[in-house]
Amino acid sequence: MEKYAWRFPVKEGPGDQGINDGGISMFKGSQLYNSLAREICQNSLDAKSKGKSTVIVKFKGATLNKKDYPSLLGLEDVFRECRSSWTKRMNTKLQGFLDEAERVLSNDTIDCLIISDSNTTGLSGVKAPEDEKSKWRALTSSDGVTDKDDGSGGSYGIGKSAPFACSSLRTVFYNTYAEADGIKAFQGVARLISHKHDGKNTLGTGFYLNNETWEPIFDSETCRLRDVINRQEYGTDVVIAGFKKTDTWEEDIEKAIIQNFFVAIAKNELVVEINDITLDSDSLRRRIEYYADKETDSKDKTITTILEFYHTFTEEDHIVVPGTIMTDNDVTLYIRKDDSYSMSIVEMRSIGMVVRKRRKNILTHYAAVMIVNDGELNNLLKDIEPPKHDEWDPGILEDKTKRKLAEKHRRELIKWVNDTIIENCKGEETNEIDLEGVSAYLPYDETDDDLGVEDKEDISPDSESKVGDIWKTNPNVRKTTISAKKVKGVKDDNADPHNNEGGGSSHGHSGGTEDPKGKDDVIAPKAGKKTLNTPVVLQQRIMQMPSNSSYRIGFTLKNDCDKVNIQIKAIGDDRRKESVDIVDYKIGKTTTVLNGKTLQLKNIKANEKNEVFVTLQYSERLALQLNIF
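Residues numbered from 1 in each chain as written. Predicted model: local features only at pLDDT ≥ 70, side-chain atom pairs only at ≥ 80, totals over all residues. Heavy atoms only, no water.

1. Describing the overall build of the chain
The secondary structure content of the chain amounts to 13 helices and 28 strands. Across the 629 residues in the chain, those meeting the buried criterion constitute 48%. Put simply, the chain shows about 33200 Å² of open surface, and 46% of that area lies on carbon and sulfur atoms. (Helix = DSSP H or I, 4+ residues; strand = E, 2+ residues; numbered from the N terminus. Buried < 20%, exposed > 50% of the residue type's maximum accessible area, 1.4 Å probe, protein only. Areas by Shrake-Rupley, 256 points an atom, 1.4 Å probe, with all protein chains shown as cover.)

2. Some points on helix H12 (residues 376-383)
Listing the buried residues of H12 in full gives Leu377, Asn378, Leu380, Leu381 and Lys382. Elements that come into contact with the buried residues of H12 comprise strand S17 (366-372) and helix H13 (400-424). (Contact = heavy atoms within 4.5 Å.)

3. Digging into the pairing of strand S25 (residues 590-596)
The pairing of strand S24 (residues 582-587) with S25 spans five bridges and is antiparallel. Counterpart to Asp584 in the pairing with S25 is Val593. Counting the residues between successive antiparallel strands, the hairpin from S24 to S25 contains two residues, one of them, Gly588, with a positive phi of roughly 65 degrees. (Pairing = 2+ DSSP bridges.)

4. Remarks on the pattern of salt bridges
For the coordinates displayed, the defined rule picks out 28 salt bridges. Residue Arg285 is joined to Glu289 by a salt bridge in which the shortest nitrogen-to-oxygen separation is 3.0 Å. Residue Arg285 and its partner Glu289 are both found in helix H10 (residues 284-294); the two are separated by four residues, about one turn of the helix. For Glu289, a relative accessible area of 29% gives the class partly exposed. Across the pair Asp317 and Arg336 runs a salt bridge whose closest N-O atoms are separated by 2.6 Å. (Salt bridge = Lys/Arg side-chain N within 4 Å of Asp/Glu carboxyl O.)

5. With respect to the sheet that holds strand S15 (residues 344-348)
Strand order in the open sheet made by the five strands is S13-S14-S17-S15-S16, with mixed pairing throughout. Looking at strand neighbours, the two that pair on one side only are strand S13 (319-323) and strand S16 (354-359), the edges of this open sheet. With strand direction ignored, the average angle separating the axes of adjacent strands in the sheet is 15 degrees. As paired elements, S15 and S17 share five bridges and run parallel to each other. Looking at the pairing, Glu347 lines up with Met370 of S17. (Axes fitted to C-alpha atoms, helices over the stretch in contact; angles between N-to-C directions.)

6. Points about the sheet that holds strand S20 (residues 537-544)
In space, the five strands of this open sheet follow the order S20-S21-S27-S24-S25, with antiparallel pairing throughout. A strand with exactly one partner marks an edge of an open sheet, and here the two such strands are S20 and S25. Between one strand axis and the next, the sheet turns through 25 degrees on average, direction left out of account.

7. Regarding the environment of Gln17
Within the secondary structure, Gln17 sits in the loop between strand S1 (4-7) and helix H1 (22-26). Separated by 176 residues in the primary sequence, Gln17 and Ile193 have C-alpha atoms spaced 5.3 Å apart. Those residues within four positions of Gln17 in sequence are excluded, and the remaining contacts are Trp86, Leu192, Ile193, Ser194, Leu203, Gly204 and Thr205. A polar contact of 3.2 Å, which involves the side chain of Gln17, links it to the backbone nitrogen of Gly204. (Polar contact = N/O pair within 3.5 Å; in protein donor to acceptor, adjacent residues only side chain to side chain.)

8. Brief notes about the packing of aromatic side chains
Within a pair of aromatic rings, the relevant descriptors are the distance that separates the centres and the angle that separates the planes. Counting across every chain of the model gives eleven aromatic pairs. Centre to centre, the rings of Tyr33 and Phe243 are 5.9 Å apart; their planes meet at 35 degrees, and the pair counts as tilted. Pair noted here: Tyr33 is in helix H2 (residues 32-46) and Phe243 is in strand S10 (residues 235-243), with a separation of 210 residues, a long-range link. Here the two residues Tyr33 and Phe243 agree in accessibility, since each one is buried. Here a set of aromatic residues connected by ring pairs shows up, and it is made of Trp6, Phe173, Phe186 and Tyr208. The positively charged end of Arg170 is found above the aromatic ring belonging to Phe97, 5.3 Å away from the centroid. One Lys or Arg, Arg287, reaches over the ring of Tyr290 and ends 4.9 Å from the middle of that ring. (Phe/Tyr/Trp six-rings, centres within 6.5 Å; stacked < 30°, edge-to-face > 60°. Lys NZ or Arg CZ within 6 Å of the ring centre and 35° of its normal.)

9. Some words on the packing of helix H9 (residues 249-266) against helix H11 (residues 302-314)
Between H9 and H11, the least distance of the axes is 10 Å, while the angle of their chain directions is 0 degrees. If you check the angle between H9 and H11, you find them roughly parallel. Residues Lys255, Ile258, Gln259, Phe262, Val263 and Ala266 of H9 form the contact with H11, whose participating residues are Thr302, Ile303, Ile306, Phe309, Tyr310, Phe313 and Thr314. Of the residues contributing to the contact of H9 with H11, the split by class is nine nonpolar, three polar and one charged. (Parallel < 35°, antiparallel > 145°, perpendicular 65-115°, else oblique. Nonpolar A, V, L, I, M, F, W, Y, C, P; charged D, E, K, R; others polar.)

10. A look at the nonpolar core
Core analysis: the largest hydrophobic core is formed by 65 residues, its most contacted members being Phe59 and Leu270. Sort the elements by how many residues they give to this core and H9 lands first, with ten residues. Sequence-distant contacts of Phe59, that is, excluding residues within four places in its chain, are made with Ile40, Cys41, Leu113, Ile114, Ile115, Ile253, Ile257, Val272, Glu273, Ile274 and Asn275. (Core = buried A, V, L, I, M, F, W, Y, C linked by side-chain atoms within 4.5 Å.)

11. A closer look at the packing of helix H4 (residues 75-86) against helix H5 (residues 92-105)
Packing of H4 against H5 brings their axes to within 11 Å, and their N-to-C directions diverge by 155 degrees. Classified by the angle between their axes, H4 and H5 sit roughly antiparallel to one another. In the packing of H4 onto H5, the handedness of the crossing is left-handed. The residues of H5 that touch H4, namely those facing Leu75, Glu76, Phe79, Cys82, Arg83 and Trp86, are Leu94, Gln95, Phe97, Leu98, Asp99, Ala101, Glu102 and Leu105. (Left-handed = near helix turned anticlockwise from the far one by under 90°.)

12. Overview of unusual backbone geometry
A positive phi angle, near 50 degrees, is found at Arg170, a position not held by glycine. Take Arg170: it is sitting in strand S4 (residues 167-177). Exposure remark for Arg170: the relative accessible area of 3% places this residue in the buried category. Of note, Asn603 is a non-glycine position whose phi angle comes to about 55 degrees, a positive value. For Asn603, a relative accessible area of 56% translates into the label exposed.

13. Topic: the confidence of the model for the chain
A residue-level look at the chain finds 77% of positions with pLDDT of 70 or above and a mean pLDDT of 82. Per-element confidence in the chain is highest for strand S11 (residues 270-274), whose mean pLDDT is 98, and lowest for strand S18 (residues 479-484), whose mean pLDDT is 36. Scored below 50 in pLDDT, residues 428-517 makes 148 contacts in the model with residues more than four places away or belonging to other chains. Every residue in residues 520-525 is under pLDDT 50, and counting partners more than four places away or in other chains gives seven contacts. (pLDDT = per-residue confidence, 0-100.)

This is the structure we're talking about:
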C-alpha cells in the first residue's frame, strides 16, 4: 500500500452526496475569477503577520506532467469509481462534470494554478486536538467553519469554495508553514460525489494524505507536488488542480484585483503578482489607466469608474470627512468633484476590499470612497455580510435585537454618506440679500429663456397663493410632425395576445375561448402626415417656498389641452440638466403622492391661471428649469 493516497471516509447510513454543492455553485458563473481573487486576497490580508506592513500574493500558472505526481495520477482511479457508481442514475449535470474531468485527466499534462502568500501567519493548529480551534482544519476538512478574528473579512467559512469552482476536477491542495507553531503541512482535498471504493460506500469529499495515519504530509516526508512550491517562509499555498484556464485569465484576475483591492494596494498593504505582472502602489495607476483606455469604445465602464475612485482616494484635491456612527471617527469618506465623474460611491470595511458600489444622483458630478475603520461598526458590518461579501444585509442575523441594531446603524451610515456628499458637493453660491417677499416678484433665473413671461402682479410666498395678471406676448407655437405610412401586418402565432382573456374570433371578450386560427382585427395607421399640437405656454414660473424642497409653479396656456406634462430639471455646475423626482404635488387643498419625474394634469383651459405646489426629492437649494409640454 502506498504511503500517500487519496482516501474517502466510509459512509455509514443512508444518503448520498451528489454533484450539487451549494458552496461551489455560489462562486461559479461569469464572476469566477473575480470570486477567486476576492476570497484569496481577503484570506491573505486577514492573516497578515504582526510587524509586517505589506501582504504579498502570487498567482502562478503551471503545467505539470501527470505521471510525475502521484497525487494527480491517483485521481484517474477515483473518477472511474465515481462514474461506475452513478451509471444507472446519471443526470446531465453529473455527466458533463465527469466528461470534463476525464478529458482533463486523459492528457499527459494538467494545468494548475499555484497561489502563494507571504508576510502572513500561515495556518496554525495542524496537530491541535479535535476539540480545540484549528485554522488548518477549518480550511481543509470542515464545512461552514471559520476561525477568524473580529474585523476579518470572512465569517462563514464558505469562501474556501471559490478555488474548487475554478477546478475542472474540484480538487485543491493546501500547503502551509505556520508562524504560531512552526509546523509545515501539505494535504489535498477533492469535493466530488459519493462512490464505492474497495466494496465500501464512501462520502464525496476525500483527502490526499498519509494513508496509514490520515494525517497531513509533514515536512520530514517527501511529496513531489509540495516540493514544487518549496516554501521557506511563513504563509499558505493553494494549488488548484485542473485549473479552468482561459486565454485571458491573467488579465481577468488582474482586473478583479484592481476592482476589489485598489485601496489596499494604494496603501501598500497588498502587492499582487500574476505571473510576470506586478500590481503594487507604484504600478497601480498605470494598470488602471491601461484597462480604462480599453473601455473607451465599450459600454462597460467598470475600470473607468475604478479610476475615478482611485483618483478620489489618492489625489490631494480630494475632500476627506471623518464620521461617527457608533464610536468616534469609525468611518472616513473621500470625495472628489469632477465634471466627468459618474456620481458613484464605493463602500468597504477596514480590510480594504470593496463590498459594494452604488450611485447617488445629485447636481454635481463626483466620486466617493467610504472606508469603515477598525472598531464596533466594522465588526457589526462583517456580521451582516453574506458569504459573497457583496452587501450588508441585517436580515442575516437571527437575533431580533441584534438585527434591529444592525438595521439602525446601517441606515445611519448610508444617510451620513449621502448627506455628507450632498453637503460637500453643493455648487458655489454668490452672496445676496433677499428682502422678505421680494423674491416672489422675480424670475428664478433671469437668463433662462424657458421661464416664459413674468407676472405683472404677484404676491409673497407667505400670502395667499394665486397667479397674477399676465403680460401679453407673442406665443411660440410648438408643433410636432409625425409621419406614417400604411404597412402590412404579419400575424405571429408565437406571440401572446394583448389581453389575458383570449383572442381570435372571440375578440378578447371576457369568457371567450382563444381561437388561434381566428381573425385578428388590426387597425393600421393611414398613410400621410399628422400634426400634433403641444401646449402653447403664455406664461410659466417656478418659485421656491420657505421649505427648501417646496416650490410653487404657475402657468397659463393659450389653448385648451386635455393633458399637460410638467417636468423640473436641475442644472448642475457644469450646466448639465437632470430630471428631478417630484415627491408629491398639491392643487388647492388636495395633495397627491407622485414619486416620479413627470407630473401630468388634465383638462387645462386656455387663458386660465393654474397653480401647483410641488415637493421635490432634494432638500438643498437647486437651480431649476421648468418644462411644460
